[in-house]
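# Per-entry structural report
What follows is each chain in one-letter form.
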Amino acid sequence: MCIFSVVIFFLSLSYAFSVHCEDSHDFFGIGNSDEKTAWQLFADRIVYEKDGLILLEGNAEITGENKNIHADYIKYDTVSKTALARGNVKMNWGKDKIESEALKLNIKEETGTIFDGHLFVEESHFYLKSSRLEKIADQRYVADNVLFSSCDGDEKDWQISGKNLDVTINGYGSMDDASLMAKDAPIAYSPYFFFPVKVKRQSGFLLPELGYSTRKGSEYQQPYYWAINDNTDATFYANTMTLRGIKTGLEYRYNLDKESLGILMAEYIDDQKKDNGSPESSNDWGYTHDTWDRENSDRYWIRMKADHQFSDYGLKGKLDLDFVSDQDYLLEFSGRQTGYDDTSGTYTKYFGRHLDGNDENVRLNRMNLSKTTEIFSLNTDVAWYDDVIARTQNVKDETIKYLPRMQFGTTMLPFGDSSLLASFGGNYTDFYSIDGKNGDRMSVFGEAHTPKQISNFLILDPYVGLTQTLWADRTEDRETAKDIHSRSIYNVGVNLGSRLSRTYNTDFSGARDLLHNIEPSIGFSYIPDKNQEVLPDFDGRDIIKKSKNITWSLTNTLIGADKDIAEEGITRFNRMCRLYFEQSYDINKAEEKNQQPFTPLLTELSITPYPNLLLEADSEWSVYDYDFVSHNIKMIIKSDSGHAALLEYRNTDKDNDESKTGIESFKSGLELAMTSQIKAYGLFEKDILNGKTIETVTGLRYSKQCWATDINYADKENEERITLLFSLSGLGDFGVAAPQL
């Protein structure tokens with residue numbers, strides 16, 4: 001390994017220490033510059049000599065506030081505020097510790113020398129060991145020879161040795177002739193080693209990422225972190241791929257408060273490989289999820305999600321951006337940090353809104369503004385659905401955009417002193433399409449309910465509603481000569497429901513009580529048949545079909561209360577099981593020949609009796625074919641010893657519902673804690689319907705107190721990838737993170 005590469009390794013390794021830290025701390029700051037700290041002296045024998053000298057012999061101790069010095073012998077000069085300690089010296093300064101053979105400390109000036117000892121900084125969890133470690137200023141240390149590590153114990157699994165150490169706690173450190181050693185064996189060298197020991201965010205290089213794949217070649221990604229201020233930061237990165245070129249990127253983050261935050265990410269690559277349509281290029285550089293070639297070399301992806309709370313007006317704003325250069329980009333760059341998988345997970349975690357799938361060619365860009373009170377809600381947005389294929393392949397773009405879309409509605413409000421409850425609202429949408437339909441739609445609607453308690457267990461809720469809609473059709477080639485259309489349509493219905501509850505005292509699953517709720521419901525809804533052939537159909541919501549349906553449902557829930565929390569005066573409830581059934585009967589279809597009025601029987605099951613067990617299942621059963629229209633099941637189980645398993649099966653028959661795409665897939669994952677330090681894992685996902693393996697991952701992870709290593713092999717979308725990860729505690733990861741359940 002050349003010296004230059006090793007230097008880059010050490011520089012990158014060291015800078016990763018700078019992020020994910022908190023506030024500064026005072027290691028030697030005993031806070032007595034104003035001499036208000038009261039110090040107490042203890043020893044088996046205390047001798048007061050002339051000129052203010054005090055000798056402490058046997059179990060000697062100097063204590064003040066949360067700081068103290070223990071030693072066999074201490075000589076303390078009350079005039080110069082200097083303490084000289086010898087023999088089994090142990091000093092605690094806040095949470096940090098020093099152990100040495102001898103210590104000379106000027107308490108007032110906070111300077112001194114540590115002889116044959118080591119310094120342990122708890123918040124950053126690192127050790128400095130030297131034969132002579134000098135404190136020359138506030139939180140600053142120097143040493144001729146030193147050992148640096150984050151490993152506990154006398155024998156360090158890894159440590160860095162060097163000369164001419166100069167380090168400032170809550171600052172930076174540097175040393176010359178630095179060698180990284182595993183046990184006592186040197187494995188890497190750098191003539192100069194620079195490392196942050198910050199306990200708050202700090203600008204600097206982060207750890208590089210390394211990898212290899214058959215589609216990208218060898219990869220090296222180097223990030224740089226910029227701590228702009230307390231509320232904003234950014235990460236710049238360059239990913240060098242031997243087969244594709246250099247991909248540069250930016251991630252910008254801001255967090256003004258709990259309700260106002262945003263993450264913007266952008267990247268660009270001049271790709272050296274294209275899919276020009278030839279069988280060889282399509283197989284090596286293309287994908288099979290569409291029939292279009294990817295001939296562009298300028299490739300990019302810009303995405304952002306943001307939330308903002310306008311406190312003065314009670315408004316909430318949301319922004320979603322997702323603009324990509326081509327239909328293959330998100331499949332090509334799905335892994336690694338800043339890839340599709342990582343980005344979508346980050347946005348879901350912080351904003352609760354995920355990205356469109358990486359194989360979807362129509363992507364949502366939206367700006368939303370809303371306000372909600374106890375009485376009404378207002379929602380308005382501008383939504384641009386970007387058709388990547390239409391934009392890049394020079395074909396017609398008939399995707400509907402909403403410029404803008406506004407909705408207003410009230411909650412159920414009492415009508416005078418009567419039992420009548422009423423709600424009303426309205427919406428307006430401006431539809432825009434580059435090559436398709438254009439126009440406006442405005443609706444106003446209202447609904448009235450008169451719920452009545454007809455027994456101790458039953459509630460009857462009849463209702464009636466009215467909707468008035470007006471259209472302005474601006475489509476150039478519209479089917480009718482008219483451009484203004486209107487429609488009035490009513491709906492009526494009635495619901496009958498109940499709730500039955502019973503509480504059981506039991507010790508099952510550590511619960512104090514089990515509450516069982518049964519909620520049966522049956523309802524009738526009616527919408528008249530109305531001729532709507534001349535009406536425009538912009539987004540599939542314009543035409544209201546006739547309806548004469550009877551729908552029944554049954555909900556079972558089992559809720560437990562935690563005993564331990566309840567004993568402390570707090571009761572926390574956990575829904576341990578939910579079983580739901582639903583089915584409808586279409587009277588209109590029953591009146592027609594060769595129709596099937598019963599909808600498939602919908603069943604949903606969710607079981608979480610323990611925190612480490614989750615079982616979810618749903619199905620639709622055809623009462624005519626005696627077969628499943630769809631059935632899905634997912635189970636995740638974990639153990640306290642570190643084992644984990646995932647099983648997921650999805651099956652939807654597209655022939656029974658033209659609005660659904662046929663799916664049959666299987667996914668499994670397994671983590672085995674072979675020992676307390678070794679874990680084997682694997683992931684497997686297969687598209688059974690198309691007979692394709694989606695992804696296979698196998699790996700082995702070895703973890704210890706201050707380091708870990710992980711090696712895995714992945715085969716996904718005609719790309720094979722080998723990843724090796726090293727993690728040094730306190731210095732971060734060197735490599736690419738491995739998947740986990």
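The rules behind the values
- Residues numbered from 1 in each chain as written.
- Predicted model: local features only at pLDDT ≥ 70, side-chain atom pairs only at ≥ 80, totals over all residues.
- Heavy atoms only, no water.
- Helix = DSSP H or I, 4+ residues; strand = E, 2+ residues; numbered from the N terminus.
- Buried < 20%, exposed > 50% of the residue type's maximum accessible area, 1.4 Å probe, protein only.
- Contact = heavy atoms within 4.5 Å.
- Areas by Shrake-Rupley, 256 points an atom, 1.4 Å probe, with all protein chains shown as cover.
- Pairing = 2+ DSSP bridges.
- Patch = residues over 30% accessible without salt bridge, like charges linked within 9 Å, V, L, I, M, F, W, Y side chains within 5 Å.
- Salt bridge = Lys/Arg side-chain N within 4 Å of Asp/Glu carboxyl O.
- Expected span 1.5 Å × (residues − 1).
- Disulfide = S-S within 2.5 Å.
- Phe/Tyr/Trp six-rings, centres within 6.5 Å; stacked < 30°, edge-to-face > 60°.
- Lys NZ or Arg CZ within 6 Å of the ring centre and 35° of its normal.
- pLDDT = per-residue confidence, 0-100.
- Polar contact = N/O pair within 3.5 Å; in protein donor to acceptor, adjacent residues only side chain to side chain.

## Here's the deal with the overall build of the chain
Tallying secondary structure elements over the chain gives seven helices and 43 strands in all. Taken over 741 residues, the chain has a buried fraction of 41%. Looking at the chain alone, contacts between residues at least 24 apart form 48% of all its contacts between residues at least 6 apart. For the chain, the accessible area works out to roughly 39600 Å², and carbon and sulfur atoms hold 53% of it.

## Remarks on the pairing of strand β10 (residues 158–168)
Pairing of strand β9 (residues 140–149) with β10 involves eight bridges; the strand directions are antiparallel. Following the sheet pairing, Ala143 is matched in β10 by Leu165. In the sheet, β10 pairs with strand β11 (residues 172–182) via seven bridges, with the strands oriented antiparallel. Bridging across to β11, Gln159 finds its partner in Met181.

## What to know about the environment of Glu155
Within the secondary structure, Glu155 sits in the loop between β9 and β10. Note on Glu155: relative accessible area 64%, which makes it exposed. For the pair Glu155 and Asp184, spaced 29 residues apart in sequence, the C-alpha to C-alpha distance is 9.2 Å.

## Things to note about a nonpolar patch on the surface
Side chains of Leu670, Leu672, Met674, Leu700, Ile711, Leu724 and Phe726 sit close together on the surface and give an oily, nonpolar patch of about 620 Å² of accessible area. Only β38 (663–673) and β42 (719–728) provide two or more residues apiece to the nonpolar patch. Mapped onto the secondary structure, Leu700 falls in strand β40 (residues 692–703).

## Quick look at helix α4 (residues 340–351)
Note that an α-helix has 3.6 residues per turn; residues three or four places apart therefore point the same way. Between its first and last C-alpha atoms α4 spans 16 Å; for 12 residues at 1.5 Å apiece the expected length is 16 Å, and the two agree. The inward-facing, buried residues of α4 abut β18 (260–270), β19 (298–310), α3 (329–332) and β21 (362–372). Immediately beyond the C-terminal end of α4, within one or two residues, lies Gly352, with a positive phi of roughly 70°.

## A few points about the state of the cysteines
Per the stated rule, a full pass over the model turns up one disulfide. Across the disulfide, Cys151 is cross-linked to Cys706 (sulfur-sulfur distance 1.8 Å). Between Cys151 and Cys706 the sulfur-sulfur dihedral comes to about 80°; the bridge is accordingly right-handed. Of this pair, Cys151 sits in the loop between β9 and β10 while Cys706 sits in the loop between β40 and β41 (707–716), and the two are 555 residues apart along the sequence.

## Overview of the packing of aromatic side chains
The tally for this structure, following the rule as stated, stands at 19 aromatic pairs. With a centroid separation of 5.5 Å and an interplanar angle of 40°, the aromatic rings of Phe126 and Phe148 are classed as tilted. Here Phe126 is found in strand β8 (residues 126–137), whereas its partner Phe148 is found in strand β9, with 22 residues between them in sequence. With relative accessibility at 2%, the residue Phe148 sits in the buried group. The interplanar angle of 25° and the centroid separation of 6.3 Å between the aromatic rings of Trp301 and Tyr340 together place this pair among those described as stacked. Here Tyr340 lies in helix α4 and Trp301 lies in strand β19, a separation of 39 residues in the sequence. We note Lys247 situated over the ring of Phe333; from NZ or CZ to the ring centre the distance is 5.2 Å. Above the plane of the ring of Tyr402 lies Arg405, whose end atom (NZ or CZ) is 4.1 Å from the centre.

## Remarks on the pattern of salt bridges
Under the definition given, this model contains 37 salt bridges. Across the pair Lys401 and Asp397 runs a salt bridge, and its minimum N-O distance is 3.1 Å. Assessed through its relative accessible area of 0%, Lys401 is described here as buried. For Asp397, a relative accessible area of 8% puts it in the buried group. Each member of the salt-bridge network shares a partner with another, and the members are Arg215, Arg244, Asp271, Arg294, Arg299, Asp326 and Glu332.

## Focus: the confidence of the model for the chain
Chain-level statistics for the chain give a pLDDT mean of 85 and a share of 88% at 70 or above. Here residues 1–36 is modelled with pLDDT under 50, and outside its nearest four sequence neighbours on either side it reaches 109 contacts, counting other chains as well. Here residues 732–740 is a poorly scored stretch, pLDDT under 50, and it has 39 contacts once near neighbours within four places are set aside; other chains count.

## With respect to unusual backbone geometry
Residues Leu403 and Pro404 are joined by a peptide bond in cis, for which omega reads 0°. For Pro404, the location among the structural elements is in strand β23 (residues 401–410). Notably, Lys81 is not glycine yet its phi reads approximately 60°, a positive angle. Within the secondary structure, Lys81 is located in the loop between β4 (67–77) and β5 (82–93). Positive phi, normally seen in glycine, also occurs at Asn88, with a value near 50°.

## Regarding the environment of Leu647
Turning to its location among the elements, Leu647 is positioned in strand β37 (residues 644–652). The class of Leu647 is partly exposed, set by a relative accessible area of 39%. Sequence separation between Leu647 and Lys667 is 20 residues; the distance between their C-alpha atoms is 5.9 Å. With residues up to four places along the chain from it excluded, the contact list for Leu647 reads Ile633, Lys634, Met635, Phe666, Lys667 and Ser668.

## Quick word on the side chain of Arg701
Structurally, the position occupied by Arg701 is in strand β40. Here the side chain of Arg701 touches Asp710 through a polar contact of 2.7 Å, side chain to side chain.

## A closer look at the environment of Leu133
Mapping Leu133 onto the fold places it in strand β8. By relative accessible area, which is 1% here, Leu133 ends up buried. The sequence separation of Leu133 and Asn145 amounts to 12 residues, and the corresponding C-alpha distance is 8.6 Å. Setting aside residues no more than four positions away along its own chain, Leu133 makes contact with Gly112, Thr113, Ile114, Leu119, Tyr141, Val142, Ala143 and Leu165.

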